[in-house]
Amino acid sequence: MIIEPKTRGFICLTAHPKGCEKNVLNQIEYIKSKPTKNGPKNVLVIGASTGFGLASRITSAYGSKAATIGVFFEKPPTEGRPASPGWYNSAAFETQAHKDGLYAKSINGDAFSHEIKAQTLNLIKKDLGKIDMLIYSLASPVRTHPDSGTRFKSVLKPIGDTFTNNTVDFHTGVVKEISIEPCSDEDIDNTVAVMGGEDWQMWIDLLMSENVLSEDFKTVAYSYIGPSLTEAVYRKGTIGRAKDHLEATAFKITDSLKAINGKGYVSVNKALVTQASSAIPVIPLYISLLYKVMKEEDIHEGCIEQIERLFNERLYAEDLQLDEAGRIRVDDWEMRDDIQAKVLELWKEATTETLPEIGDLEGYKTDFFNLFGFNVDGIDYDKDVDEMVAIPGLQ
Ligand code: NAI
Ligand code: NA
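Let me begin by describing the structure that accompanies this report. (Residues numbered from 1 in each chain as written. Chains lettered and ligands numbered in written order. Predicted model: local features only at pLDDT ≥ 70, side-chain atom pairs only at ≥ 80, totals over all residues. Heavy atoms only, no water.)

Right, let's get into the pairing of strand β12 (residues 263-268). Within β12, five of the six residues are buried, which leaves it mostly tucked inside the rest of the structure. Of the strand pairs in this sheet, strand β11 (residues 213-223) and β12 are connected by six bridges, and their pairing is parallel. Considered in β12, the bridge of Tyr222 is made with Ser267. (Buried < 20%, exposed > 50% of the residue type's maximum accessible area, 1.4 Å probe, protein only. Helix = DSSP H or I, 4+ residues; strand = E, 2+ residues; numbered from the N terminus. Pairing = 2+ DSSP bridges.)

Moving on to the packing of helix α2 (residues 51-64) against helix α3 (residues 85-99). The relative placement of two packed helices comes down to the angle between their axes together with the axis-to-axis distance. Interhelical geometry of α2 versus α3 gives an angle of 0° and a closest axis separation of 12 Å. Relative to α3, the element α2 is oriented roughly parallel. On α3, the residues that touch Leu54, Arg57, Ile58, Ala61 and Tyr62 of α2 are Asn89, Phe93, Glu94, Gln96 and Ala97. Here the residues of the contact of α2 with α3 are counted per class, giving six nonpolar, two polar and two charged. (Axes fitted to C-alpha atoms, helices over the stretch in contact; angles between N-to-C directions. Parallel < 35°, antiparallel > 145°, perpendicular 65-115°, else oblique. Contact = heavy atoms within 4.5 Å. Nonpolar A, V, L, I, M, F, W, Y, C, P; charged D, E, K, R; others polar.)

As a structural note, the neighbourhood of ligand 1 is formed by 29 residues, with Ser49, Thr50, Ala111, Lys243 and Thr274 the closest of them. One of the side-chain nitrogen or oxygen atoms of Asp110 is found 2.9 Å away from a nitrogen atom of ligand 1. Within the side chain of Thr274, an N or O atom sits 2.7 Å from an oxygen atom of ligand 1. Computed on the free molecule, ligand 1 has an accessible area of 840 Å², of which 92% lies beneath the protein chains in the complex. At the level of elements, α2 and β11 are the ones that each hand at least two residues to the shell around ligand 1. Looking at the shell around ligand 1 residue by residue, the classes come out as 14 nonpolar, 11 polar and four charged. (Near = heavy atom within 4 Å. Polar contact = N/O pair within 3.5 Å; in protein donor to acceptor, adjacent residues only side chain to side chain. Areas by Shrake-Rupley, 256 points an atom, 1.4 Å probe, with all protein chains shown as cover.)

Each pair of donors in an ideal octahedron of six around a metal sits at 90 or 180 degrees, and each pair in an ideal tetrahedron of four sits at 109.5 degrees. Protein coordination at the sodium ion (ligand 2) comes from Gly47 (O), Thr50 (O), Gly53 (N), Ser137 (O) and Ser137 (OG), with a distance range of 2.8 to 3.1 Å. Sequence spacing of the donor residues for the sodium ion (ligand 2), all on one chain, is G-x2-T-x2-G-x83-S. Within this pair, whereas Gly47 is found in the loop between β3 (42-46) and α2, its partner Ser137 is found in the loop between β6 (131-136) and β7 (142-144), the two being separated by 90 residues in sequence. With respect to burial, Gly47 and Ser137 carry one shared label: buried. (Donors = N, O, S within 2.8 Å, 3.2 Å for Na, K, Ca; no water.)

We now examine the packing of helix α4 (residues 114-128) against helix α6 (residues 198-209). Where α4 meets α6, the closest approach of the two axes is 11 Å, and the angle between their N-to-C directions is 40°. Of the possible angle classes, the one that applies to α4 and α6 is oblique. In this structure, α4 crosses over α6, and the sense of that crossing is right-handed. Across from His114, Ile116, Lys117, Thr120, Leu121 and Ile124 in α4, the residues of α6 making contact are Asp199, Met202, Trp203, Leu206 and Leu207. When the residues that make up the contact of α4 with α6 are grouped by side-chain class, the tally is seven nonpolar, two polar and two charged. (Left-handed = near helix turned anticlockwise from the far one by under 90°.)

Right, let's get into the pairing of β6. Within β6, six of the six residues are buried, which leaves the element mostly enclosed by the surrounding structure. Note that β3 and β6 share four bridges and pair parallel. Looking at the pairing, Leu44 lines up with Leu134 of β6. Alignment of β6 against β11, held across five bridges, turns out to be parallel. Among the inter-strand pairings, Leu134 is bridged to a residue of β11, identified as Thr219.

Right, let's get into the environment of Leu344. Its location among the elements puts Leu344 in helix α11 (residues 337-349). Note: C-alpha distance between Leu344 and Gly378 (34 residues apart in sequence) is 36 Å.

From the geometry alone we can't say anything about function, so treat these as descriptive.
If you want it as structure tokens, here you go:
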């Protein structure tokens, strides 16, 4: 079929298998020339199909020849209806990995459930014996608690006061003010239940008790801080409470891994266009200005550049360079004083009229469409493609 982008609000309902494949192959190519010294060997990636999780899987596989198991929640294709992008990404990754003689298998389902955890555990036992790294990179709007069956929904709201600031609709380029009403107490608890650290801890507890974590095992989850501009709605809002919980969980995990000298870390990553971040108000305007400034300074990074630096200059390097709160920081370039000062200046000037000039709206849009395999260089979108692509290592 001929597949075109079909957008609704901040999501795209279609994905292009060839475009997704090209994105994955480009990331593999990038990592091949940047091997990780003493890198991981057997890696489980939760949230492995898109964004930072996919980049982590690629960096593990192609930076240190690691065997990878990927867990994700993606929609398979049906005749005439393309799959979700993470499906095509995983198909492309596993096809290439197998060609290159790398172990790569995957499990598609709800990572929050007992069932998917048990399935993953069995696969580890059967094929790998033990893992030495677990990457936790889930981004989900909902979580059904595996014990109580309660379905929690996360929200992106400020706490206490109404938040008012500018945002951009990146499809139309219109910059306008928006207001977001403060959350209820329940919203905070629900958001922490979805995006906090409880599920990460549950994974670790299960794998530890089943003795499938090797000596010196490491696990890392991803967090975000960001600028003062977005603080009220992000870091000091409901999602920030969840990130506080996630960060606190890293220390608890380290405690629970004492017997094997294991470590739990949080890495604070840079703001990037992913399916998760395009839904957050104000962030798209911030990102389009940030991209402009970081590209001018020649320090712009995508997911793969971020994770390569995380592995090669932090996790598997001599010095983790932890901040005062014990976190790894690869948002260091985004948060540089000179970069933030420039973004703040531009923010004051940003209007519908000025943004195409002072911001990188084009870069934002390109990245957004790239997430779904569209606007990718070297792909002929007029050509018929087979939407029925299989993931070769899918269990
Ligand atoms: P993403 O939307 O690209 O990836 C989410 C992944 O989670 C996908 O693989 C998806 O299949 C999987 N997933 C979602 N629900 C699932 C479920 N119930 N069961 C199994 N798999 C499920 O998101 P992104 O942006 O890569 O986010 C990953 C982490 O990085 C999140 O914790 C996010 O807060 C964090 N982060 C994101 C930043 C950004 O700017 N995008 C910046 C810093 C941190
Ligand atoms: Na991810």
